[in-house]
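# Structural description and commentary
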Amino acid sequence: MALEHAILVSLLEQPGSGYELARRFERSIGYFWTATHQQIYRVLKRMEGDGLLDVRDVPQERRPDKKEYSVAGPGRAALSGWLHEPIEPESLRHDLAVKIRGAAFDDPAALLDEVERHHRVHSDRLAHYLTGELRDFTGPDAPAPLDAGQELQHVVLRGGIAYERMTVAWLDDVLATLHRLGAAGPRR
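Residues numbered from 1 in each chain as written. Predicted model: local features only at pLDDT ≥ 70, side-chain atom pairs only at ≥ 80, totals over all residues. Heavy atoms only, no water.

## Some points on the packing of helix α1 (residues 3-13) against helix α2 (residues 18-27)
Running from N to C, α1 and α2 cross one another at 100°; their axes reach a closest spacing of 11 Å. Considering the angle they form, α1 stands roughly perpendicular to α2. Residues Leu3, Ala6, Ile7, Ser10 and Leu11 of α1 lie in contact with α2, whose contacting residues are Leu21, Arg24 and Phe25. Tallied by class, residues from the contact of α1 with α2 come to 6 nonpolar, 1 polar and 1 charged. (Axes fitted to C-alpha atoms, helices over the stretch in contact; angles between N-to-C directions. Helix = DSSP H or I, 4+ residues; strand = E, 2+ residues; numbered from the N terminus. Parallel < 35°, antiparallel > 145°, perpendicular 65-115°, else oblique. Contact = heavy atoms within 4.5 Å. Nonpolar A, V, L, I, M, F, W, Y, C, P; charged D, E, K, R; others polar.)

Take a look at the structure:
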């Protein structure tokens, strides 16, 4: 997926400034597709030049005017074309898994801190996802019924929740295994 597609999706969900778009990447879409503020601004400028985006100046009090981006007709067509193209299934490239396998030739206990750090990151992300799900989709203040866009956002979030739950369970297993093998020492 190109950054352009992620930007088009985000701007179709809600037009916004480059800063607002970067914040959305930090809060939500960034868990699936990351980009720096500089990358986002560079791609926005190119997409504007290519006619994929409309831009309007929005006056602000006591601050410089901001540019608000929205998707133009050619941008919508580009996204539609991409949505109809097949994509390759993602392969799992997992540096931590290779380290865990490599620990058989060193000290398995040496990985404990790294695996615990990964466990904290994924546990925190899971908690964040669950909080967002309750706030936006399942809690008492959530809209009912959800519209098509909200349903699709929710199904992506549920995928993220399932992935984080699986990852935390796997890391629990890894930690238990490392603790058990810690006394056995390395295989030579």
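## Quick look at the pairing of strand β2 (residues 63-71)
Residues in a regular strand point their side chains to alternate faces of the sheet. Bridge count for strand β1 (residues 53-60) against β2 is 7 bridges, and the pairing is antiparallel. Note on β2: the bridge partner recorded for Arg56 is Glu68. Taking the residues between adjacent antiparallel strands as the criterion, β1 and β2 are bridged by 2 residues, where Arg62 takes a positive phi near 60°. (Pairing = 2+ DSSP bridges.)

## Some points on the side chain of His119
Residue position: His119 is located in helix α6 (residues 112-138). When its relative accessible area of 18% is taken as the criterion, His119 is described as buried. (Buried < 20%, exposed > 50% of the residue type's maximum accessible area, 1.4 Å probe, protein only.)

## Brief notes about the nonpolar core
Ranked by size, the top nonpolar core spans 19 residues in total, and within it Ile7, Leu11, Phe25, Leu44 and Leu53 carry the most contacts. Contributions of two or more residues to this core are made by α1, α2, α3 (37-49), β2 and α4 (73-83). Of the residues forming this core, the biggest block, 5 residues, is contributed by α1. Core analysis: the next-biggest nonpolar cluster, separate from the first, contains 9 residues, Leu96, Ala103, Leu112 and Val174 among them. (Core = buried A, V, L, I, M, F, W, Y, C linked by side-chain atoms within 4.5 Å.)

## A look at unusual backbone geometry
Across the junction of Ala144 and Pro145, the peptide omega takes the value -5°, indicating a cis bond. Along the chain, Pro145 turns up in the loop between α6 and α7 (148-182). Despite not being glycine, Arg62 has its phi angle at roughly 60°, a positive value. Position of Arg62 relative to the elements: it lies in the loop between β1 and β2. Look at Arg62 and you get exposed, because its relative accessible area is 84%.

## What about the packing of α1 against α4?
It is at 10 Å that the axes of α1 and α4 come closest, and there the two elements cross at 120°. Classed by the angle they form, the pair α1 and α4 counts as oblique. Handedness of the α1/α4 crossing: left-handed. Of the residues in α4, those in contact with His5, Leu8, Val9 and Leu12 of α1 are Gly75, Arg76, Leu79 and Trp82. Its residues assigned to classes, the contact of α1 with α4 comprises 5 nonpolar, 2 polar and 1 charged. (Left-handed = near helix turned anticlockwise from the far one by under 90°.)

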